[in-house]
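Spelled out, the chains give:
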Amino acid sequence: MDQGIVALLAGFGLCLGLIVSIGAQNAIVLRQGLRREHVGLVVLVCVVSDAILQTIGVAGVATLVTAHPWLESVARWAGAAFILAFAALSARRAWRGGGSLEAAPEPVAEAAGAPGPAGVAVRARTSRITTLLTILAVTWLNPHAIVETTVVLGSVAATHGDARWWFLAGGVIASTLWFVGFGYGARYLAPLLRTERAWRVLDGGIALVMVIIAISLVLT
């Protein structure tokens, strides 16, 4: 088999394996997809950010981080602190509830008077800028992005020599397919989350995942 194709498939498989786990970034994508709120913006930020980080890793940042371990430590603790703060907010929402829930915006046809599907119960919409800042922070302050996207993928890509750019292409394709599918596919879970109680359970689960991730970061 052609070396380029081998590298592309290797990049695709490794990236997909790393990215599928439900982490801080995926938790945000899932939540926004379920809320049907700024999904395109969130998916775009994730896809572009992941492509940039993978490119940095393949271009050689893995060597720099390996040579200067303190850089990884700084990112690890900063990311753990942010993730714990996010966990606290999620836990607070789970404990107190979201108050009055509002229906999701109706389709254009329904707004014009034509019959349409019932909206799913969600909290009041957050602003676009708040959503943007949240996904940017979760993405760029998450040490997993350094350890996995740059160090791991960059190191493995280096083993493919001149075909490492094919490896990068495979990784970018994998992350793009995942985020687009995960973000827009989450809406099909909406019927399961029509009640405030369901949202409180979701927030509690997200808080638990965030705490586990933060603890794993500082203990490993």
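Coordinates for the structure precede this section.
All values reported here derive from a predicted model rather than from experimental measurement.

Right, let's talk about a nonpolar patch on the surface for a bit. Residues L44, V48, I52, I56, I129, L133, L136 and W140 make up a contiguous nonpolar surface patch of about 690 Å² in total accessible area. Taken together, the elements giving at least two residues each to the nonpolar patch come down to α3 (39-67) and α6 (128-140). By the element assignment, V48 lies in helix α3.

Next up on the list: the nonpolar core. Ranked by internal contacts, the top residues of the largest apolar core, which has 30 residues, are F179 and M210. Those elements that place two or more of their residues in this core are α2 (24-35), α3, α4 (69-96), α6, α8 (164-185) and α9 (196-219). Counting nine residues, the second-largest nonpolar core is a separate cluster that includes A163, F167, L168 and A174.

Here we come to the pattern of salt bridges. Taken as a whole and assessed by the stated rule, the structure comprises three salt bridges. Close ionic contact of R31 with D203 constitutes a salt bridge, the shortest N to O distance being 2.8 Å. Taken together, the residues R31 in helix α2 and D203 in helix α9 connect sequence positions 172 residues apart. Per residue, the accessibility class of R31 equals that of D203, and both read buried. Among the salt bridges present, the one from E37 reaches R35, with a minimum N-O distance of 3.2 Å.

With that settled, the discussion passes to unusual backbone geometry. Note: most residues except glycine have negative phi, and most peptide bonds are trans. For R36, which is not glycine, the phi dihedral falls at a positive 55°. Mapping R36 onto the fold places it in the loop between α2 and α3. Its identity is not glycine, yet H38 carries a phi of approximately 55°, on the positive side. By the element assignment, H38 lies in the loop between α2 and α3.

Another point: the environment of L8. In this structure, L8 sits in helix α1 (residues 3-19). Once the C-alpha coordinates of L8 and G171 are considered, the two residues, 163 residues apart in sequence, prove to be 7.5 Å apart. Non-local contacts of L8, meaning those with residues more than four positions away in its chain, are made with W166, F167, A169 and G170.

In this section: the packing of α2 against α6. Relative to each other, α2 and α6 sit at 155°, their axes nearing to 8 Å. Put simply, α2 runs roughly antiparallel to α6. Here α2 and α6 pass one another in a crossing that is left-handed. Residues A24, Q25, I28 and Q32 of α2 form the contact with α6, whose own contacting residues are T131, T134, I135, V138 and T139. Looking at the contact of α2 with α6 residue by residue, the class counts come to four nonpolar, five polar and no charged.

What counts and how
- Residues numbered from 1 in each chain as written.
- Predicted model: local features only at pLDDT ≥ 70, side-chain atom pairs only at ≥ 80, totals over all residues.
- Heavy atoms only, no water.
- Patch = residues over 30% accessible without salt bridge, like charges linked within 9 Å, V, L, I, M, F, W, Y side chains within 5 Å.
- Areas by Shrake-Rupley, 256 points an atom, 1.4 Å probe, with all protein chains shown as cover.
- Salt bridge = Lys/Arg side-chain N within 4 Å of Asp/Glu carboxyl O.
- Helix = DSSP H or I, 4+ residues; strand = E, 2+ residues; numbered from the N terminus.
- Core = buried A, V, L, I, M, F, W, Y, C linked by side-chain atoms within 4.5 Å.
- Buried < 20%, exposed > 50% of the residue type's maximum accessible area, 1.4 Å probe, protein only.
- Contact = heavy atoms within 4.5 Å.
- Axes fitted to C-alpha atoms, helices over the stretch in contact; angles between N-to-C directions.
- Parallel < 35°, antiparallel > 145°, perpendicular 65-115°, else oblique.
- Left-handed = near helix turned anticlockwise from the far one by under 90°.
- Nonpolar A, V, L, I, M, F, W, Y, C, P; charged D, E, K, R; others polar.

It is worth stressing that arrangement in space is one thing and function is another; only the former is reported here.
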